[in-house]
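Per-entry structural report
Spelled out, the chains give:
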Amino acid sequence: TAFNERSAAGRIQGMTELRQVVRNTIAAGGGTPEQVVDAMTQLLGQNAVSHESAFRLMPILQRYATATGSDTTELGDIAMRGIQNFGLREDQIPAALDAAIKGGHMGGFHLRQMSKWLPQQMASAKNSGMSGMDGLASLIALNEVSMTTAGTPDEAGNNALDLLQHLNSQATAHQIH
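Residues numbered from 1 in each chain as written. Predicted model: local features only at pLDDT ≥ 70, side-chain atom pairs only at ≥ 80, totals over all residues. Heavy atoms only, no water.

Quick look at the overall build of the chain now. Looking only at helices and strands, the chain has nine helices and zero strands in total. A compact globule built from 177 residues should have a C-alpha radius of gyration of about 16 Å, and the chain, at 18 Å, falls within 12% of that. With respect to the principal axes defined by its C-alpha atoms, the chain has extents near 60 × 35 × 25 Å. Taking the contacts inside the chain whose residues are at least 6 apart along the sequence as the reference set, 62% of them involve residues at least 24 apart. Just so you have it, the chain exposes about 9,000 Å², and 53% of that area is on carbon and sulfur atoms. (Helix = DSSP H or I, 4+ residues; strand = E, 2+ residues; numbered from the N terminus. Rg over C-alpha atoms; globule rule 2.2 N^0.38 Å. Contact = heavy atoms within 4.5 Å. Areas by Shrake-Rupley, 256 points an atom, 1.4 Å probe, with all protein chains shown as cover.)

The following block contains the structure:
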């Protein structure tokens, strides 16, 4: 997946870079080489962020994953979709993850659950005009409120997603008129 635009010799040279990124990521955030490679494959396979950006994000994502018991690949999805679709900048990813952790502590919809639901919710929320850190804070709050009426975190995430999708539906638009 990485360096697919390079010749065979360039891809072989790129393997050295990848090994170093894996080593640096594990040194910074723990985990296993397999976790790092899986997350990097996800980030690079979507072509949503550059190689350089993915390499800079990996130690950050691994640190947060290790600290919270979350999946590095799912945190990578939050970062990638946040950058690609939701107007977040790469330098905002640590603050975005911090906000998600804080929201989880306040309401019970933790980062592990958010990592599953936020990428889908960001796509739907973007259609409602939400974006950036303010939009992300609203999504985190929506999930926390949804948790108070749901039986499980998955139900809460799904309820929040359903609400966002209904905001964008034609039926809602017609009922407002």
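Back to the write-up after that little detour.
Before going further, it helps to spend a moment on the confidence of the model for the chain. Overall, the prediction assigns the chain a mean pLDDT of 89, with 94% of residues at 70 or greater. Ranking the elements of the chain by mean pLDDT puts helix α9 (residues 170-176) last with 57 and helix α7 (residues 132-149) first with 94. (pLDDT = per-residue confidence, 0-100.)

So, about the packing of helix α3 (residues 51-68) against helix α5 (residues 93-107). The interhelical angle for the contact between α3 and α5, taken along N-to-C directions, is 15°, at an axis separation of 11 Å. Here α5 runs roughly parallel to α3, going by the angle between their axes. For the pair α3 and α5, the sense of crossing is right-handed. Here α3 contributes Leu 57, Ile 60, Leu 61, Tyr 64 and Thr 68 to the contact with α5, which in turn contributes Ile 93, Pro 94, Leu 97, Asp 98 and Ile 101. (Axes fitted to C-alpha atoms, helices over the stretch in contact; angles between N-to-C directions. Parallel < 35°, antiparallel > 145°, perpendicular 65-115°, else oblique. Left-handed = near helix turned anticlockwise from the far one by under 90°.)

A separate point is the packing of α3 against helix α4 (residues 72-85). Interaxial distance between α3 and α4 falls to 9 Å at its minimum, and their mutual angle equals 130°. When the axis of α3 is compared with that of α4, the two are oblique. For α3 against α4, the interelement crossing comes out right-handed. Where α3 approaches α4, its residues Leu 57, Met 58, Leu 61, Gln 62, Tyr 64 and Ala 65 are matched on the opposing element by Thr 72, Leu 75, Gly 76, Ala 79 and Ile 83. Split into classes, the residues belonging to the contact of α3 with α4 amount to eight nonpolar, three polar and no charged. (Nonpolar A, V, L, I, M, F, W, Y, C, P; charged D, E, K, R; others polar.)

Take the side chain of Asp 77 next. Mapped onto the secondary structure, Asp 77 falls in helix α4. Here Asp 77 occupies a buried position and makes no salt bridge, while the nearest side chain of opposite charge, Arg 81, is found at 5.6 Å. For Asp 77, the side chain forms a polar contact with the side chain of Gln 42, separated by 2.8 Å. The residues touching Asp 77, leaving out its near neighbours within four places in the chain, are Gln 42, Gly 82 and Pro 119. (Buried < 20%, exposed > 50% of the residue type's maximum accessible area, 1.4 Å probe, protein only. Lys, Arg positive; Asp, Glu negative; His and termini not counted. Salt bridge = Lys/Arg side-chain N within 4 Å of Asp/Glu carboxyl O. Polar contact = N/O pair within 3.5 Å; in protein donor to acceptor, adjacent residues only side chain to side chain.)

Looking now at the pattern of salt bridges. Pairing between side chains of opposite charge can happen when their charged atoms approach one another. Under the defined criterion, the tally for this structure stands at four salt bridges. A salt bridge links Arg 89 to Asp 91, with the shortest nitrogen-to-oxygen separation between them at 3.0 Å. The class for Asp 91 is exposed, based on a relative accessible area of 56%. Note that Asp 154 and Lys 116 form a salt bridge whose closest N and O atoms lie 3.1 Å from each other. Of the two residues, Asp 154 is situated in helix α8 (residues 153-167) and Lys 116 in helix α6 (residues 111-127); the sequence distance between them amounts to 38 residues. Note on Asp 154: relative accessible area 37%, which makes it partly exposed. Lys 116 sits in the partly exposed class, given a relative accessible area of 40%.

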